[in-house]
Amino acid sequence: MSEDIKFPPEEGPGVEPPHRLSSVNFSGALKLVFAIAVLAFLCLFGYAIFIGVEAVTTLAAMILLAIVLIAFLYAVTNPDTLRSQYTEQTLAVASSMLESIACGLTPESAEEICRRLLPETRATTIAVTDRDSVLACVGALADDFPSGSAIHTPTTRYVIEHGIAQSFTSVIDVRGEQGDRRHIPAGIITPLKVRGRAVGTLKFYYSSPRHVNRTQYALASGFAELLSTQLTVHELERQAELTARAEVRALQAQINPHFLFNTLNTIAAFTRIEPLRARELLREFSQFYRATLENSGQLIPVKRELEQTLRYLKFEKARFGEDRIVVSVDVDIDAEEVLVPAFVIQPLVENAVRHAMPDEGALNIRIEVGRSDEDAVDILVADDGVGMDKQTAMRLFDRSITPPDPNAPQGGGAGVAMHNISERIKRFYGPKSRTSVESAPGRGTSISLHLDLEGSMYDKE
């Protein structure tokens, strides 16, 4: 898209300041209607007298007709009624626009926005661009500036570089994608911003300069601000998701070396005394790590997360002895296929094995997953191990709490893993989700996760 524009010496390229609305004079229109009505009444009254209708009857009919006419005019021209209707319509368009752009600025979402806005303004063409090209164009010039065509418009470049809305009311020549020249009498170009930086534009082209008024400018600016706000929200959500995925990988790096060395040492010991068991463990170990790498940063069903957790426990049982770790699993059928981030349950179980194992006897671990309602999942990992004091329990998910006595049970807590789970739950499942810990020295530990699926960031993927 290109334009031949003369640059004013003290303004933007081919730009005029926004025009003020030429006021709609309802009182003048009403006076005109009233004068016509009076003239019509006089004519009707004279005609009625001429054909012999009684004057009183004619006058009463005229008065009744006048009352009906005045009531109709008031209902039609009442500013509050017009304002209410216009506000409702604008809000409905704005709401539908926000839904269209919920997943970011794409050619598809841009075209949907243009189609929704075109009937609501006086523009003949509406286009959306990113910083380099046209994403969508709907209206009279749609064939001339298809999606993917480059931006060569100086005014559009100015808006992108400076982040300031611009308008023009003198005819400009624009060269279309096919090389044909088009005349655009007037237009408004507004920036789409994310964190103060223009990431694209919303463009309105009009068939007449008189259409570029305060109302149209306010509509263009308002819609651009709404879209900018939604784009900013989408960018924040995307950054939060990327951060959380990075934290999952950090969690893997923190867990894997510790677990890796212990498991390899266990398998090495079995190769001398139980080679078949060593072979089985080695095969399970390769499957475990393959699944670990595949699941990194992904959503997986609860069922698969539990399979991975139980596979992990095979190695710990081989290390400590089959009778030292006893596990029970209770999962609601309607919760098995619910998607959750990888590494939500396994770290909780690993924390129990690493820190709650008693010096003698078995460690009993209970895993429960259920749907508390249609939009939430509850996860419980409980053990009957050594337990911990209240301060250590509070510090599991909140690293800002002062560390307890190093000699306390489970001294030092679960480290990065528990804090990582807490942060991911807050980020992905919103404020209604929560973590909780119940524990006491010698009485075991119970960790609960409540995941609010309705507020999940993953619903937007």
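Only a predicted model underlies this, so the values are computations on that prediction, with no experimental measurement involved. (Residues numbered from 1 in each chain as written. Predicted model: local features only at pLDDT ≥ 70, side-chain atom pairs only at ≥ 80, totals over all residues. Heavy atoms only, no water.)

Trainee: How do you make sense of helix α5 (residues 154-162) when you look at a structure like this?
Mentor: Since the α-helix packs 3.6 residues into each turn, any two residues three or four apart lie on the same face. Among all positions in α5, only T155, T156, V159 and I160 are buried. What you see down the axis of α5 is that its buried residues fit within an arc of 135°, all on one side. (Buried < 20%, exposed > 50% of the residue type's maximum accessible area, 1.4 Å probe, protein only. Helix = DSSP H or I, 4+ residues; strand = E, 2+ residues; numbered from the N terminus. Arc of directions from axis to C-beta.)

Trainee: Please explain the sheet that holds strand β10 (residues 325-331) as it appears in this structure.
Mentor: Sheet strands associate in pairs through backbone hydrogen bonding, adopting either a parallel or an antiparallel arrangement. Across the sheet, 5 strands lie side by side as β10-β12-β13-β15-β14; this open sheet has mixed pairing. Edge strands, defined here as strands with exactly one partner in the open sheet, are β10 and β14 (434-439). Each adjacent strand pair in this sheet contributes to an overall mean axis angle of 10°, direction not counted. In this structure, strand β13 (residues 376-383) lies alongside strand β15 (residues 445-452), joined through 8 bridges in antiparallel fashion. Bridging across to β15, D378 finds its partner in H450. Where helix α8 (residues 302-320) meets the sheet, its contacts fall on β10 and β12 (363-373), and the angle it forms with β10 comes to roughly 170°. In this fold helix α9 (residues 346-356) packs onto β10, β12, β13 and β15, with an angle of close to 155° to the strand it touches most, β12. (Pairing = 2+ DSSP bridges. Axes fitted to C-alpha atoms, helices over the stretch in contact; angles between N-to-C directions. Contact = heavy atoms within 4.5 Å.)

Trainee: Honestly, the environment of E111 in this entry has me stumped. Any pointers?
Mentor: Structurally, E111 is set in helix α4 (residues 107-117). Looking at E111, the relative accessible area reads 34%, which means it is partly exposed. Residues E111 and V138, spaced 27 residues apart in sequence, show a C-alpha to C-alpha distance of 7.1 Å. Not counting the four nearest positions on each side in its chain, E111 is found in contact with A136 and V138.

Trainee: Mind showing me how you'd approach the nonpolar core here?
Mentor: By size, the foremost hydrophobic cluster in this structure holds 47 residues, and its most contacted members are I345, V349, I365, V369, I379 and L449. Listed in part, the 26 residues of the second largest apolar core include A110, I113, V138 and Y206. (Core = buried A, V, L, I, M, F, W, Y, C linked by side-chain atoms within 4.5 Å.)

Trainee: What's the story with the pairing of strand β5 (residues 172-175) in this structure? I'm lost.
Mentor: Every other side chain in a regular strand lies on the same face of the sheet, so the side chains alternate between the two faces. Covered by surrounding structure in β5 are I172 and V174 only, the residues D173 and R175 on the alternate face being uncovered. Relative to strand β6 (residues 181-184), β5 runs antiparallel, the two being bridged by 4 bridges. Directly across from R175, in β6, lies its bridge partner R181.

Trainee: What exactly am I supposed to notice about the packing of α8 against α9 here?
Mentor: Helix packing geometry: the angle between the two helix axes and the distance between the axes. At a minimum axis distance of 9 Å, the contact between α8 and α9 shows a crossing angle of 20°. The angle between α8 and α9 places the two elements in the roughly parallel class. The chirality of how α8 crosses α9 is right-handed. Contact residues: α8 offers E305, Q308, T309, Y312, L313, E316 and F320, while α9 offers Q346, V349, E350 and V353. Tallied by class, residues from the contact of α8 with α9 come to 5 nonpolar, 3 polar and 3 charged. (Parallel < 35°, antiparallel > 145°, perpendicular 65-115°, else oblique. Left-handed = near helix turned anticlockwise from the far one by under 90°. Nonpolar A, V, L, I, M, F, W, Y, C, P; charged D, E, K, R; others polar.)

Trainee: Looking at this structure, I do not really get the side chain of S208. What am I missing?
Mentor: Among the structural elements, S208 can be located in the loop between β8 (197-206) and α6 (214-273). The residues contacting S208, other than those within four sequence positions of it, are P185 and A186.

Trainee: Sorry, what's going on with the pattern of salt bridges here?
Mentor: One side chain can pair with another of opposite charge once the charged atoms of both are near each other. Enumeration over the complete set of coordinates arrives at 9 salt bridges. The partner of E111 in a salt bridge is R115, with the nearest N and O atoms 2.9 Å apart. Taken as a pair, E111 and R115 lie in helix α4 at a separation of 4 residues, close to a single helical turn. E322 is the salt-bridge partner of R277, the closest N and O atoms lying 3.1 Å from each other. Of this pair, R277 sits in helix α7 (residues 275-295) while E322 sits in the loop between α8 and β10, and the two are 45 residues apart along the sequence. For E322, a relative accessible area of 47% gives the class partly exposed. Salt bridges sharing partners connect three or more residues here, namely E284, R311 and K314. (Salt bridge = Lys/Arg side-chain N within 4 Å of Asp/Glu carboxyl O.)

Trainee: Looking at this structure, how should I read the packing of aromatic side chains?
Mentor: Each aromatic ring pair is described using two quantities: the centre-to-centre distance and the angle formed by the ring planes. Applying the stated criterion across every chain yields a total of 3 aromatic pairs. Judged by centre distance (6.3 Å) and plane angle (55°), the ring pair of F168 and Y205 falls under tilted. You can see F168 sitting in strand β4 (residues 166-168) and its partner Y205 sitting in strand β8, a full 37 residues away along the chain. Grouping residues by exposure puts F168 and Y205 together as buried. An angle of 85° between the planes, with centres 5.5 Å apart, marks the rings of F285 and F315 as edge-to-face. Pair noted here: F285 is in helix α7 and F315 is in helix α8, with a separation of 30 residues, a long-range link. (Phe/Tyr/Trp six-rings, centres within 6.5 Å; stacked < 30°, edge-to-face > 60°.)

Trainee: Before we go on, may I ask you to explain the sheet that holds strand β3 (residues 134-139) in this structure?
Mentor: The antiparallel open sheet is built from 5 strands, whose spatial order is β3-β2-β8-β7-β4. Of all strands in the sheet, those with a lone pairing partner are β3 and β4, marking the two edges. Adjacent strand axes in the sheet meet at a mean angle of 15°, parallel and antiparallel pairs treated alike. Of the pairings in the sheet, the one linking strand β2 (residues 125-130) to β3 comprises 5 bridges and is antiparallel in character. Within the sheet, the bridge partner assigned to A127 lies in β3 and is C137. Relative to β3, α4 is tilted by about 25°, and along the sheet it contacts β2, β3 and β8.

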